[in-house]
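Single-letter residue listing:
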Amino acid sequence: MLPSTTNGTVVTEPSGIQIKFASQSSMTSLDNAIPASPTKSISSSLKRNTSDGNLMTTEIKEARVRVIYTGGTIGMMRNERNVLAPIPNALVKRIRKYPNMHDQEYAEKRFGNAASMAPLVLPHVQGELRRVIYQITEYVPILDSSNMTMQDWARIAKDIHQSYEFFDGFVVLHGTDTLSYTASALSFMLENLGKTVIITGSQIPIFETRTDGKDNFTSALIIAGNYVLPEVCVFFGNKLFRGNRTVKISSNALDAFESPNSPPLGRIGVSVDIDYRLIFRPCSVSRFTVHSELDENVGILRIFPSISRSTFQAFLSPPLKGVVLQSFGSGNVPSNRQDILDELKIAADRGVIIINCTQCAKGSVAEIYDTGKVLFDLGVLPGFDMTPEAALTKLSYVLGKAEWSLEEKKQMMQSNLRGELTSASGPKMEEFDLVDAVARSLHLSSPQDLGQLGATLFPAMLNSAVIAGDIPKINNLKSYGADLSGTNQDHRTALHLACHEGKIGIVNHLLLNGVSVHIRDRYDRTPLHEAITTDNHEIIQLLINCGAHLTGSSRGIGEQLCAAAARGSMKRLKSYQLAGADLTQPDPSGRTALHLAALHGHEDIVRFLLPFHENLEETDLLGHTALDYATRAEQNNIVKILNGDILN
Ligand code: ASP
């Protein structure tokens, strides 16, 4: 069993961190589940663990993925009557017995005796850097997605928020029927998202002999663990889509989802192929947060020839506040029907936000016919090429923003918030001009050659622009098609370099252009590590404001703190403090920075660290306190400080 406390459960998290949760009222007693919605904030109840099993996290490349299992066909199993049904508490137990979904041998080495209760481990995947360690949270009850409500979306959003810093990515297992609604809603609710969130499900349950569930689930885990894509995505039928662009197009085909107005973000064939230029990145220096207040007074009105005035009247009456009007073709309504036009005008004048979207599966509304223009003149807003699911959930998100005026809400509905729409006025990228020119001179022509050339050239050119501090050059490279979050052969981004070089202007510029703070290089270093290594406090603060946080094993951080204290580096300790480290974190021998400062006679550091220690009796593995270290080293002043004889 996981260690339990009287008021909750402690989950040993793969990095060795323990997360303490309140009682499992809404949870199953599932062995490796993380209870949803802890009532106490995770950060306030963090505990460092000192037993990591046989392997140290620093020796192996791992990614941690939280899986939220809401329900749907994917997890169903045959019951005693041989009928498919959701069976509570069964998914994790079954997966543990599937060698192609759980590597028992690795789990035993990694988690020791606790392996039978520990997180699941995806077997090694050829070509991927990191081993995926995943933990499943099962919702109670397991839901058919047709029964899901806006409260369920809020619950998923909050659960992601509460465990955001402890995982590299998130996978939501979901029924397919309303999956596109949930994906669209979450894309708006998860503000300034910096990590990968993938929603998936299946048409055939995962434990059937012939199934799409296993591929969908494992591919989602691999992508969520190995690729930093700051979007709410849908993975289905070997394709990765932007969630708010998807629609369910088939009730029985395995390719059940489509993204009619926007190409897939990636495809999985023999390898994972992501088109990074399509990734929509939040361009602000702000932390990840969740907006969970949604307004339920929204609806979709699909017009048809001879639709009656009374239908319009009934539909548009209070308390309705927002409506997606599904019009014909490129946004047309019968312009000869003054009665329904009057109803639309009355509603628009009353402050109802009306968004015009097309009934066509593909395409956008445009002001090209008189029958469409008439709507614009009434105050109906263009929905461009938004899917009805995206338009509806966006309305309910925007209407739920109490701090925005009606005018601001209308403005937001027409703006591209999360890549959900293509407006005619959007900037056009001068795609690949530069790469084309080089390719021509090298006589390269295939798309693979071009892609390869871009992936090699752009990071190198970006890096030289970073070193030169040349923002116009960075902008030029972007307009030539460079992905500013692109990585070089060491998986390092321009942001890593800018942080290391201490170029705060460039760091700021890259962050405002959506470069991810979460990408880890080949050595597991994030841009935050680079800023700590150079003790650039201004950059550390900027990264933290943008949602960066410390990663890696807590004992590794303990080692760094001890090393800093031993050489008397106050600056480095303050860098770690700014980055959110627990300054009392021990190293693998149980020594804290205070022990080392006491041993080496750094009085100023002892004084600085003392307030962080509630308990001065903490001992290393040999049973020695910081006071013992000071006494043995004859650091008499420090002995007095630790004994409280000199006021700190
Ligand atoms: N009715 C199911 C659901 O949406 C269908 C599925 O999972 O595919 O939950």
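I will try to describe carefully the structure that is included in this document. (Residues numbered from 1 in each chain as written. Predicted model: local features only at pLDDT ≥ 70, side-chain atom pairs only at ≥ 80, totals over all residues. Heavy atoms only, no water.)

1. Points about the site of the ligand
Part 1 of the reasoning: The ligand sits among Gly72, Thr73, Asp144, Ser145, Gly175, Thr176, Asp177 and Ser202.
Part 2 of the reasoning: Within the contact set of the ligand, an oxygen atom lies 2.5 Å away from a side-chain nitrogen or oxygen of Ser145.
Part 3 of the reasoning: Within the backbone of Ser202, a nitrogen or oxygen atom sits 3.4 Å from an oxygen atom of the ligand.
Part 4 of the reasoning: Contact with the protein chains hides 90% of the accessible area of the ligand, taken as 260 Å² for the molecule alone.
Part 5 of the reasoning: Across the shell around the ligand, the residue classes tally to no nonpolar, 6 polar and 2 charged. (Near = heavy atom within 4 Å. Polar contact = N/O pair within 3.5 Å; in protein donor to acceptor, adjacent residues only side chain to side chain. Areas by Shrake-Rupley, 256 points an atom, 1.4 Å probe, with all protein chains shown as cover. Nonpolar A, V, L, I, M, F, W, Y, C, P; charged D, E, K, R; others polar.)

2. Side note on the packing of helix H18 (residues 554-566) against helix H20 (residues 593-600)
Part 1 of the reasoning: The N-to-C vectors of H18 and H20 enclose an angle of 20°; their axes lie 8 Å apart at closest approach. Compared by their axis directions, H18 and H20 come out roughly parallel. By crossing handedness, the relation of H18 to H20 is classed as right-handed. Between H18 and H20, the contacting residues are Leu561, Cys562, Ala565 and Ala566 on the first element and Ala593, Leu596, Ala597 and His600 on the second.
Part 2 of the reasoning: Partitioning the contact of H18 with H20 into residue classes produces 7 nonpolar, 1 polar and no charged. (Axes fitted to C-alpha atoms, helices over the stretch in contact; angles between N-to-C directions. Helix = DSSP H or I, 4+ residues; strand = E, 2+ residues; numbered from the N terminus. Parallel < 35°, antiparallel > 145°, perpendicular 65-115°, else oblique. Left-handed = near helix turned anticlockwise from the far one by under 90°. Contact = heavy atoms within 4.5 Å.)

3. Observations regarding the side chain of Ser262
Part 1 of the reasoning: Inspection of the secondary structure puts Ser262 in the loop between strand S16 (257-258) and strand S17 (266-268).
Part 2 of the reasoning: Relative accessible area serves as the criterion here: at 12%, Ser262 is assigned to the buried category.
Part 3 of the reasoning: Not counting residues up to four positions away in its chain, the partners in contact with Ser262 are Arg242 and Arg245. (Buried < 20%, exposed > 50% of the residue type's maximum accessible area, 1.4 Å probe, protein only.)

4. Some remarks on the pattern of salt bridges
Part 1 of the reasoning: Across all of its chains, the model carries 26 salt bridges by this definition.
Part 2 of the reasoning: Measuring nitrogen to oxygen at the nearest pair gives 2.4 Å for the salt bridge that ties Asp524 to Arg130. With Asp524 in the loop between helix H15 (504-512) and helix H16 (527-533) and Arg130 in the loop between strand S8 (120-121) and strand S9 (131-143), this residue pair connects regions lying 394 residues apart in the sequence.
Part 3 of the reasoning: Note on Asp524: relative accessible area 16%, which makes it buried.
Part 4 of the reasoning: The residue Arg520 makes a salt bridge to Asp168 at a minimum N-O spacing of 3.1 Å. Here Arg520 is found in the loop between H15 and H16, whereas its partner Asp168 is found in the loop between helix H3 (150-162) and strand S10 (169-173), with 352 residues between them in sequence. Summarising the burial analysis for this pair, Arg520 and Asp168 share the class buried. (Salt bridge = Lys/Arg side-chain N within 4 Å of Asp/Glu carboxyl O.)

5. Structural notes on the nonpolar core
Burial of nonpolar side chains together is a common tendency in soluble globular proteins.
Part 1 of the reasoning: By size, the foremost hydrophobic cluster in this structure holds 57 residues, and its most contacted members are Leu495, Val507, Leu510, Leu528, Leu543, Leu573 and Leu642.
Part 2 of the reasoning: Leaving out residues up to four positions away in the same chain, Leu642 has contacts with Leu594, Ala598, Val606, Leu610, Leu616, Ala626, Leu627 and Ala630.
Part 3 of the reasoning: Of all hydrophobic cores here, the second largest spans 52 residues; its members include Met189, Leu193, Val232 and Ile353. (Core = buried A, V, L, I, M, F, W, Y, C linked by side-chain atoms within 4.5 Å.)

6. Quick look at the environment of Val83
Part 1 of the reasoning: Its place among the elements puts Val83 in the loop between strand S6 (77-78) and strand S7 (84-85).
Part 2 of the reasoning: Val83 gets classed as partly exposed once you look at its relative accessible area, which sits at 40%.
Part 3 of the reasoning: Beyond its immediate stretch of four places on either side in the chain, Val83 contacts Met77 and Arg78.

7. Digging into the side chain of Asp483
Part 1 of the reasoning: One can find Asp483 in the loop between helix H13 (471-479) and helix H14 (494-501).
Part 2 of the reasoning: With a relative accessible area of 16%, Asp483 lands in the buried category.
Part 3 of the reasoning: When residues no more than four places from it in sequence are discounted, the contact partners of Asp483 are Tyr276, Arg281 and Leu462.

8. A short note on unusual backbone geometry
Part 1 of the reasoning: Cis rather than trans, the peptide bond between Val140 and Pro141 has omega equal to -5°.
Part 2 of the reasoning: With respect to the helices, strands and loops of the structure, Pro141 is situated in strand S9.
Part 3 of the reasoning: The amide bond that connects Pro318 to the next residue, Pro319, takes the cis arrangement and shows omega of 10°.
Part 4 of the reasoning: You can see Pro319 is positioned in the loop between helix H6 (309-316) and strand S21 (322-327).
Part 5 of the reasoning: Positive phi, normally seen in glycine, also occurs at Asn192, with a value near 55°.
Part 6 of the reasoning: Positionally, Asn192 belongs in the loop between strand S11 (190-191) and strand S12 (196-200).
Part 7 of the reasoning: In the Ramachandran plot, Asn238 falls in the positive-phi region, its phi being about 65° despite a non-glycine side chain.
Part 8 of the reasoning: Structurally, the position occupied by Asn238 is in the loop between strand S13 (232-236) and strand S14 (239-242).

9. Some details on the sheet that holds strand S5 (residues 62-71)
Part 1 of the reasoning: Read from one edge to the other, the open sheet built from 9 strands follows the order S8-S9-S5-S10-S12-S13-S14-S17-S18, with strand pairing classed as mixed. Each having just a single partner strand, S8 and strand S18 (272-274) make up the two edges of the open sheet. (Pairing = 2+ DSSP bridges.)

10. What to know about empty space enclosed by the protein
Part 1 of the reasoning: Per the stated rule, a full pass over the model turns up 3 cavities of 30 Å³ or more.
Part 2 of the reasoning: Of the voids in this model, the largest cavity is the one considered here, and its volume is about 130 Å³.
Part 3 of the reasoning: What lines the largest cavity is a set of 14 residues, and nearest its centre among them are Leu193, Gly194, Pro282, Val515 and Cys546. (1 Å grid on protein atoms, 1.4 Å probe; cavity = no way out; pocket = protein on both sides within 12 Å on 5 of 7 lines; lining within 4 Å. Points joined across faces, edges and corners; volume = space filled by probe spheres on them.)

11. With respect to the sheet that holds strand S23 (residues 381-382)
Strands belonging to one sheet form pairs held by backbone hydrogen bonds; the direction of such a pair is parallel or antiparallel.
Part 1 of the reasoning: Pairing within the open sheet is parallel, and its 4 strands lie in the order S20-S21-S22-S23. Bordering the open sheet on either side are strand S20 (298-302) and S23, each of which pairs with just one other strand.
Part 2 of the reasoning: One ladder, built from 6 bridges, connects S21 with strand S22 (residues 353-358); its direction is parallel. Bridged to Gln326 within S22 is Cys357.

12. Re the pairing of S14
Part 1 of the reasoning: As paired elements, S13 and S14 share 4 bridges and run antiparallel to each other. For Phe235, the partnering residue across the bridge sits in S14 and is Leu240.
Part 2 of the reasoning: Here S13 folds back onto S14, and the loop between the two strands holds 2 residues, one of which, Gly237, carries a positive phi near 55°.
Part 3 of the reasoning: Of the strand pairs in this sheet, S14 and S17 are connected by 2 bridges, and their pairing is antiparallel. Paired with Leu240 across the bridge in S17 is Gly266.

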